[in-house]
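# Descriptive structure summary
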Amino acid sequence: MVFINDAWNNTGDIVVYSNYHKYWLDKERTQKNPLFDVFSGKILDLKEGKESAVEYFYNLIDAEIRKEVTICVVPSSNMERKESGIGKLGEKLAQNGRVNKVYFLIREKSISKLATGGARDKQIHMESIGTVEEMEIKGDIVLLMDDVTTTGNSLYACRDILLARGAGKVEMFALGKAI
């Protein structure tokens, strides 16, 4: 069991906290989205690694996650970017009685950023994500986190990688679902 709310456990799917509305409606960035809201703005702040956003999301979800679980996050699409806002959130959650394996998953080959039109198929992630060899995950009960999910393929790929490396169970969680 990963979540306090039993309805969130063992779904086999991604648990999503809320909807995410992108800021721009078009690639040219001329049309602002009228549905863009405070929650979506906080996700953008988290993507930038702002401490206020880390604190905001920590306060929202800390009480939803059981102690003793292992925290992992989906790595950035850029292999050079070793830390992320979702990673900072994961580290803060881990400090409160959970196991910190936040950066167990690593991007070994950069891919085009998904938000700007990069391919979203699962195989791209499977071929570009590896793990930290010195770290063990065997038997761990893992909460795998991402900031925003659209197709879910990055989360599904990371889940499969974790299970292949011996994780005992993996529950997937995204702060927002792009709609």
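Quick caveat: nothing in here was measured; it's all calculated off a predicted structure.

## Remarks on helix α2 (residues 51–61)
- Those residues of α2 that fall on the buried side of the exposure criterion are A53, V54, F57, Y58 and I61. Burial along α2 is one-sided: seen end-on, the buried residues are contained in an arc of 135°.
- Elements in contact with the buried residues of α2: β1 (14–20), α1 (38–47), α3 (85–94), β6 (141–149) and β7 (169–178).

## So, the nonpolar core
- Core analysis: the largest hydrophobic core is formed by 27 residues, its most contacted members being L89, M145, F173 and L175.
- Where this core is concerned, the elements lending two or more residues are β1, α1, α2, β2 (70–73), α3, β6 and β7.
- If you tally residues by element for this core, the top one is α2, at five residues.
- The contact partners of M145, leaving out residues within four places of it in the chain, are I61, I71, C72, V73, V74, I86, L89, G90, L93, L155 and F173.
- In this structure, C72, F104, I129 and I161 belong to the second largest nonpolar core, which totals 18 residues.

## Brief notes about the side chain of N33
- As for its position among the elements, N33 is in the loop between β1 and α1.
- Using a relative accessible area of 11% as the deciding quantity, one classes N33 as buried.
- Of the polar contacts made by the side chain of N33, one reaches the backbone oxygen of K22; its length is 2.9 Å.
- Excluding residues within four positions of it along the chain, N33 makes contact with H21, K22, Y23 and L25.

## Some remarks on the pattern of salt bridges
- In the structure shown here, the tally under the stated rule is eleven salt bridges.
- For E48, the salt bridge goes to K50, with nearest N and O atoms at 3.4 Å.
- In this structure, the salt-bridge partner of E55 is K92, at a minimum N-O distance of 3.3 Å. Placement of E55 in helix α2 and of K92 in helix α3 is noted, with a sequence separation of 37 residues between them.
- Under the relative-accessibility criterion, E55 is labelled partly exposed at 31%.
- Among the ionic contacts, a cluster of salt bridges with common partners joins D45, E48 and K50.

## Structural notes on a positive patch on the surface
- Together, R29, R81, K88 and K113 give the surface a local cluster of positive charge.
- Among the structural elements, R81 can be located in the loop between β2 and α3.

Quick notes on the rules
- Each residue is numbered by its place in its chain's sequence as written, counting from 1.
- This being a predicted model, a pLDDT of at least 70 is required before a residue's local features are given, and a value of 80 or more before pairs of side-chain atoms are given or counted; all residues contribute to the totals for chains, interfaces and linings.
- Hydrogens and water are ignored here; the side-chain numbers use all heavy atoms of the structure.
- Buried, partly exposed and exposed residues are distinguished by accessible area as a fraction of the type maximum, computed with a 1.4 Å probe on protein chains only: under 20%, between the cut-offs, and over 50%, respectively.
- The helix count covers DSSP runs of H or I at least four residues long, the strand count covers runs of E at least two residues long, and both are numbered beginning at the N terminus.
- The arc in question is formed by the directions pointing from the helix axis toward the C-beta atoms.
- Residue contacts are counted whenever heavy atoms from the two residues lie within 4.5 Å of one another.
- By convention a nonpolar core is built from buried Ala, Val, Leu, Ile, Met, Phe, Trp, Tyr and Cys residues, the set being connected through side-chain atoms within 4.5 Å.
- Residues adjacent in sequence count toward polar contacts only when both atoms are side-chain atoms; beyond that, a polar contact is any pair of N or O atoms within 3.5 Å, and within protein one must be able to donate a hydrogen and the other to accept it.
- The rule for a salt bridge is simple: a side-chain nitrogen of Lys or Arg has to be within 4 Å of a carboxyl oxygen of Asp or Glu.
- Residues with no salt bridge and a relative accessible area higher than 30% make up the patches, which join like charges within 9 Å and nonpolar side chains (Val, Leu, Ile, Met, Phe, Trp, Tyr) within 5 Å.
- For the area figures, the Shrake-Rupley method with a 1.4 Å probe applies, and any residue is considered shielded solely by the protein chains shown.
- Positive charges are assigned to Lys and Arg, negative charges to Asp and Glu, while His and the chain termini are left out of the count.
- Each charge is placed at NZ for Lys, CZ for Arg, CG for Asp and CD for Glu.

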